[in-house]
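An overview of the molecular structure
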Amino acid sequence: MSASPRFLANGDTVMVVEFGDGIDLETSSRVTALATDINSLALNGINDLVPTFRSLAIHYDPRYLAFDRLEEIVRAALQGLKVEHHSNQEWLIPTCYD
(Lines give C-alpha, C1' and ligand atoms only; values in the text may rest on other atoms or scores of the structure.)
Protein backbone atom coordinates (compact mmCIF):
# COMPACT_ATOMS: atom_id res chain seq x y z
CA MET A 1 0.00 0.00 0.00
CA SER A 2 1.37 3.43 -0.87
CA ALA A 3 1.86 6.04 1.85
CA SER A 4 -0.56 8.51 0.33
CA PRO A 5 -3.34 7.98 -2.18
CA ARG A 6 -3.07 9.04 -5.80
CA PHE A 7 -5.75 11.25 -7.35
CA LEU A 8 -6.44 10.29 -10.95
CA ALA A 9 -8.81 11.82 -13.48
CA ASN A 10 -10.84 9.20 -15.29
CA GLY A 11 -12.36 11.34 -18.00
CA ASP A 12 -13.84 14.69 -17.02
CA THR A 13 -16.45 13.44 -14.54
CA VAL A 14 -14.70 10.80 -12.43
CA MET A 15 -11.95 11.09 -9.84
CA VAL A 16 -10.24 7.87 -8.81
CA VAL A 17 -8.61 7.87 -5.39
CA GLU A 18 -6.14 5.00 -5.58
CA PHE A 19 -4.74 3.65 -2.32
CA GLY A 20 -2.16 1.26 -3.74
CA ASP A 21 -1.41 -1.60 -6.08
CA GLY A 22 -2.22 -4.55 -3.86
CA ILE A 23 -5.40 -5.99 -2.47
CA ASP A 24 -5.52 -6.36 1.29
CA LEU A 25 -7.95 -5.82 4.15
CA GLU A 26 -6.34 -2.58 5.36
CA THR A 27 -6.56 -0.96 1.92
CA SER A 28 -10.14 -2.12 1.42
CA SER A 29 -11.06 -0.75 4.86
CA ARG A 30 -9.60 2.66 3.97
CA VAL A 31 -11.58 2.72 0.73
CA THR A 32 -14.80 1.86 2.56
CA ALA A 33 -14.16 4.46 5.27
CA LEU A 34 -13.50 7.16 2.68
CA ALA A 35 -16.66 6.27 0.76
CA THR A 36 -18.68 6.51 3.99
CA ASP A 37 -17.15 9.88 4.87
CA ILE A 38 -17.64 11.39 1.41
CA ASN A 39 -21.22 10.11 1.29
CA SER A 40 -21.97 11.66 4.69
CA LEU A 41 -20.90 15.10 3.40
CA ALA A 42 -23.87 15.10 0.97
CA LEU A 43 -21.93 17.24 -1.49
CA ASN A 44 -23.83 18.87 -4.33
CA GLY A 45 -22.39 17.49 -7.56
CA ILE A 46 -21.46 13.99 -6.37
CA ASN A 47 -23.43 11.53 -8.49
CA ASP A 48 -22.03 8.18 -7.36
CA LEU A 49 -19.31 6.53 -5.29
CA VAL A 50 -17.88 3.23 -6.55
CA PRO A 51 -15.53 1.49 -4.12
CA THR A 52 -13.20 -1.30 -5.25
CA PHE A 53 -10.65 -3.31 -3.28
CA ARG A 54 -7.99 -0.62 -3.68
CA SER A 55 -9.62 2.56 -4.99
CA LEU A 56 -12.68 4.78 -4.84
CA ALA A 57 -14.20 6.20 -8.01
CA ILE A 58 -16.07 9.42 -7.34
CA HIS A 59 -18.47 10.34 -10.13
CA TYR A 60 -19.13 14.06 -10.04
CA ASP A 61 -20.68 16.85 -12.08
CA PRO A 62 -17.98 19.42 -12.96
CA ARG A 63 -20.65 22.12 -13.29
CA TYR A 64 -21.06 21.99 -9.51
CA LEU A 65 -17.72 20.69 -8.29
CA ALA A 66 -14.30 21.16 -9.91
CA PHE A 67 -11.68 18.38 -9.78
CA ASP A 68 -9.27 20.55 -7.76
CA ARG A 69 -11.94 21.44 -5.19
CA LEU A 70 -13.01 17.80 -4.92
CA GLU A 71 -9.39 16.79 -4.32
CA GLU A 72 -9.16 19.34 -1.48
CA ILE A 73 -12.32 17.91 0.10
CA VAL A 74 -11.08 14.33 -0.20
CA ARG A 75 -7.65 15.22 1.22
CA ALA A 76 -9.35 16.86 4.21
CA ALA A 77 -11.53 13.76 4.70
CA LEU A 78 -8.43 11.56 4.61
CA GLN A 79 -6.88 13.54 7.49
CA GLY A 80 -9.57 12.44 9.92
CA LEU A 81 -10.36 9.08 8.36
CA LYS A 82 -11.56 6.55 10.92
CA VAL A 83 -10.89 3.06 9.62
CA GLU A 84 -12.78 0.19 11.19
CA HIS A 85 -10.65 -2.86 11.83
CA HIS A 86 -12.44 -6.07 11.07
CA SER A 87 -12.12 -9.26 13.01
CA ASN A 88 -10.82 -12.39 11.39
CA GLN A 89 -14.07 -14.19 12.06
CA GLU A 90 -14.86 -16.77 9.45
CA TRP A 91 -18.47 -17.19 8.35
CA LEU A 92 -19.71 -20.47 6.95
CA ILE A 93 -22.85 -20.30 4.88
CA PRO A 94 -24.35 -23.67 4.02
CA THR A 95 -25.16 -23.89 0.32
CA CYS A 96 -26.77 -26.59 -1.74
CA TYR A 97 -26.44 -26.58 -5.51
CA ASP A 98 -28.96 -28.93 -7.01
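Definitions and cut-offs
- Residues numbered from 1 in each chain as written.
- Predicted model: local features only at pLDDT ≥ 70, side-chain atom pairs only at ≥ 80, totals over all residues.
- Heavy atoms only, no water.
- Helix = DSSP H or I, 4+ residues; strand = E, 2+ residues; numbered from the N terminus.
- Buried < 20%, exposed > 50% of the residue type's maximum accessible area, 1.4 Å probe, protein only.
- Contact = heavy atoms within 4.5 Å.
- Polar contact = N/O pair within 3.5 Å; in protein donor to acceptor, adjacent residues only side chain to side chain.

1. Points about the overall build of the chain
- Counting its secondary structure elements, the chain contains two helices and four strands.
- Scanning the chain from its N terminus toward the C terminus, one meets helices and strands in the order β-β-α-β-β-α.
- Counting only C-alpha atoms, the chain reaches 50 × 35 × 25 Å along its principal axes.
- In the chain, which comprises 98 residues, the share counted as buried stands at 35%.
- Taking the intrachain contacts of the chain between residues at least 6 apart in sequence as the baseline, contacts between residues at least 24 apart amount to 56%.

2. A closer look at the side chain of glutamate 18
- With respect to the secondary-structure elements, glutamate 18 resides in strand β2 (residues 14–18).
- Since its relative accessible area comes to 12%, glutamate 18 is described here as buried.
- Within polar-contact distance, the side chain of glutamate 18 engages the side chain of arginine 54 at 3.2 Å.
- Contact partners of glutamate 18, with chain neighbours within four places excluded, come to Pro5, Arg6, Leu8, Arg54 and Ser55.

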